Amino acid sequence: REGRYPSLSMKLPLLADALVSLIATGCLGVYQVTKRVIDPYLSFTREGRGFRRRQQQPPKTFVFFGKTLAVWRVVNFTSYVLNVLCVSIPGRIDDQMAKEMKEAQEEEKKKNKEDADADVDDEKKNDANATKKNTIRRTSKYRSLFTPAGYAFAIWGFIFTSEFVFAMRSMFFTNTKDEQFAANATGYFALANVLQSVWCFTFREWTEKPRRHWINAFVLGVEALALWSSKERVFEVNGRFALAESGFVSVPIRTHFAWILCACGINANTVLAKIGSASAQVVFAIGTAVLATSVGAYSSFYRGDAATPLVFAWALYAIYKDGGYRAPPPSDSTSSSSGDKKDKKNKDGDEKKNTEKLFNKTEECIPSEKQTKRFTDTARLCAIANLLFAAKALLSL
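Residues numbered from 1 in each chain as written. Predicted model: local features only at pLDDT ≥ 70, side-chain atom pairs only at ≥ 80, totals over all residues. Heavy atoms only, no water.

Q: So, the overall build of the protein: which residues are in play, and what are the values?
A: Helices and strands together make up the secondary structure of the protein, namely 13 helices and four strands. In the protein, buried positions account for 46% of the 397 residues. About 21400 Å² of surface is accessible on the protein, with carbon and sulfur atoms providing 61% of the total. (Helix = DSSP H or I, 4+ residues; strand = E, 2+ residues; numbered from the N terminus. Buried < 20%, exposed > 50% of the residue type's maximum accessible area, 1.4 Å probe, protein only. Areas by Shrake-Rupley, 256 points an atom, 1.4 Å probe, with all protein chains shown as cover.)

Structure representation (structure tokens):
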């Protein structure tokens with residue numbers, strides 16, 4: 001096909017690059033539109049100009065089949081449904097990561113069984129058990145120093161469940177005590193759902209190359225900014241996060257914000273793992289952990305927010321447990337006389353070449369064990385610090 005249509009094969013990468021730039025520009029533009037137009041329109045309050053105080057305004061409504069509905073309720077619920085639908089579409093890169101995790105676990109079980117049958121000595125068994133925490137293969141092109149253990153992603157269950165309750169209460173329950181909090185949070189919350197839907201489109205094979213893979217971290221970064229703005233709009237109502245008043249609104253948003261910020265760091269470190277030196281990867285990974293800890297400290301001391309540092313502690317400890325180990329893809333084995341092995345090698349040739357293009361294979365670009373341990377020790381300390389920040393916020397409630 002490329003031979004018959006050479007111009008098409010040359011234009012497709014350029015179109016993909018242009019689309020990435022368009023998405024990045026669009027994300028920033030939509031955030032500004034939300035800040036200047038959508039959020040003031042949906043909120044119960046709006047900011048006056050000059051020396052004027054905040055002024056109360058009733059929520060905007062419309063009539064649907066004879067029933068009056070608040071606009072913010074429909075926007076809130078619709079954006080959540082859009083996010084759920086987009087997330088459920090298969091084919092993203094994290095689906096491939098989950099597949100690799102499953103394959104690695106199956107290989108580990110098979111290896112342990114073979115070792116048991118062969119009566120392997122205790123030292124080798126301990127080495128085998130030590131690799132169980134590496135839920136993604138050390139040779140995976142998706143691995144970086146900032147890769148968490150697989151169990152960390154279970155937090156999505158809590159996020160989607162809590163946001164489901166938030167969206168259902170917003171849509172179908174009226175005159176609740178957290179109605180004003182929900183209305184003020186909806187503008188940026190809806191934007192975050194839209195941006196996560198965009199990320200579901202970008203986090204696929206067409207953006208795997210480093211020159212396009214950055215868009216995934218960029219979209220998540222803007223989404224984190226939107227969720228931060230959403231939780232700040234909740235805080236502004238009465239200057240605190242009180243579980244009895246706004247728990248159904250603020251806890252889902254704060255949890256989602258903290259995890260998306262971690263996901264942004266994971267994506268950004270993955271990009272650097274493909275193009276950066278070992279030293280740059282270590283410095284950037286440590287900087288990401290310190291940045292998360294700084295945000296956790298601010299959230300605890302200035303917002304009384306326990307959810308945000310608690311999520312950071314969860315993510316950073318999972319990164320520490322993973323170990324951050326990386327290794328180059330395995331080299332081709334010596335040729336075998338078996339016809340099946342030759343056929344398999346020929347079949348996988350193109351795939352291996354593509355993998356090598358995406359993965360930094362040189363030893364200089366893979367952090368040493370000493371460098372890796374330096375980062376994982378930092379991640380553990382940051383996890384402990386965030387846990388203390390969360391405890392401080394809980395005690396001050």
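Still to come is the rest of the account.
Q: Outline helix α10 (residues 307-322), supporting the account with residue identities and numerical values.
A: Here α10 is 16 residues long and its end C-alpha atoms lie 23 Å apart, about the 22 Å a rise of 1.5 Å per residue gives. Buried residues of α10: Ala307, Thr308, Pro309, Val311, Phe312, Ala313, Ala315, Leu316, Ala318, Ile319 and Asp322, and no others. On its buried side, α10 packs onto α5 (155-172), α7 (210-238), α8 (243-275), α9 (278-303) and α13 (369-395). Taken from the residues just after α10, glycine 323 is the one with a positive phi, measuring 100 degrees. (Expected span 1.5 Å × (residues − 1). Contact = heavy atoms within 4.5 Å.)

Q: How would you summarise the environment of asparagine 238 if you had to cite specific residues and measurements?
A: Tracing the backbone through its elements, the reader meets asparagine 238 in helix α7. A C-alpha to C-alpha distance of 9.4 Å links asparagine 238 and phenylalanine 181, two positions 57 residues apart in sequence. Aside from chain neighbours lying at most four places away, what touches asparagine 238 is Phe181 and Glu245.

Q: Lay out the packing of aromatic side chains with the relevant residues and their values.
A: Within this structure, the stated rule accounts for 17 aromatic pairs. Between tryptophan 228 and tyrosine 298, the aromatic rings sit 5.8 Å apart at their centres with planes inclined by 35 degrees, giving tilted as the arrangement. With tryptophan 228 in helix α7 and tyrosine 298 in helix α9, this residue pair connects regions lying 70 residues apart in the sequence. Through pairs of rings, three or more aromatic residues link up here, namely Trp228, Phe257, Tyr298 and Tyr302. The ring of phenylalanine 257 has lysine 231 lying over it, and the distance from NZ or CZ to the ring centre is 5.6 Å. (Phe/Tyr/Trp six-rings, centres within 6.5 Å; stacked < 30°, edge-to-face > 60°. Lys NZ or Arg CZ within 6 Å of the ring centre and 35° of its normal.)

Q: Residue-level account of the nonpolar core, with values.
A: If you look at the biggest cluster of nonpolar residues, it comprises 60 residues, and the most contacted ones within it are Trp72, Val219, Val249, Ile253 and Trp259. Once residues within four sequence positions are removed from consideration, valine 249 is found in contact with Phe166, Asp178, Phe181, Ala182, Ala185 and Val234. Phe146, Ile266, Cys382 and Ala383 belong to the second-largest nonpolar core, a separate cluster that totals twelve residues. (Core = buried A, V, L, I, M, F, W, Y, C linked by side-chain atoms within 4.5 Å.)

Q: Pulling in residues and values, what's your account of the pairing of strand β3 (residues 61-64)?
A: Regular strands place side chains that alternate from one sheet face to the opposite one. Taken together, the four bridges between β3 and strand β4 (residues 67-70) define a ladder with antiparallel strand orientation. Note on β4: the bridge partner recorded for phenylalanine 62 is leucine 69. (Pairing = 2+ DSSP bridges.)

Q: If you had to explain the packing of helix α2 (residues 71-87) against α5 to someone new, which residues and values would you point to?
A: Relative to each other, α2 and α5 sit at 150 degrees, their axes nearing to 8 Å. Taken together, the axes of α2 and α5 are roughly antiparallel relative to one another. The two elements α2 and α5 cross, and the hand of that crossing is left-handed. From α2, Trp72, Arg73, Val74, Asn76, Phe77, Tyr80, Asn83, Val84 and Val87 reach across to α5, where they touch Phe160, Glu163, Phe164, Phe166, Ala167, Met168, Arg169, Ser170, Met171 and Phe172. (Axes fitted to C-alpha atoms, helices over the stretch in contact; angles between N-to-C directions. Parallel < 35°, antiparallel > 145°, perpendicular 65-115°, else oblique. Left-handed = near helix turned anticlockwise from the far one by under 90°.)

Q: Describe unusual backbone geometry, and please don't skip the residues or the numbers.
A: Notably, asparagine 175 is not glycine yet its phi reads approximately 60 degrees, a positive angle. Within the element layout of this structure, asparagine 175 appears in the loop between α5 and α6 (179-202). Overall, the relative accessible area of 72% leaves asparagine 175 in the exposed class.

Q: How would you summarise the side chain of glutamate 223 if you had to cite specific residues and measurements?
A: Looking at where glutamate 223 falls in the secondary structure, it is placed in helix α7. Here glutamate 223 sits buried without a salt bridge, and the closest side chain of opposite charge, arginine 92, lies 11 Å off (N-O distance). Among the polar contacts made by the side chain of glutamate 223, one reaches the side chain of histidine 256 at a distance of 3.5 Å. Apart from residues no more than four positions distant in its own chain, glutamate 223 is found in contact with Ala192, Leu195, Gln196, His256 and Ile260. (Lys, Arg positive; Asp, Glu negative; His and termini not counted. Salt bridge = Lys/Arg side-chain N within 4 Å of Asp/Glu carboxyl O. Polar contact = N/O pair within 3.5 Å; in protein donor to acceptor, adjacent residues only side chain to side chain.)

Q: An account of the pattern of salt bridges is needed here, citing residue identities and associated values.
A: Tallied over the full model, the rule gives 14 salt bridges. The partner of glutamate 232 in a salt bridge is arginine 303, with the nearest N and O atoms 2.8 Å apart. Separated by 71 residues along the polypeptide, glutamate 232 in helix α7 and arginine 303 in helix α9 bring together distant segments of the chain. Here the two residues glutamate 232 and arginine 303 agree in accessibility, since each one is buried. The salt bridge involving aspartate 305 is made with arginine 254; its shortest N-O contact spans 2.7 Å.

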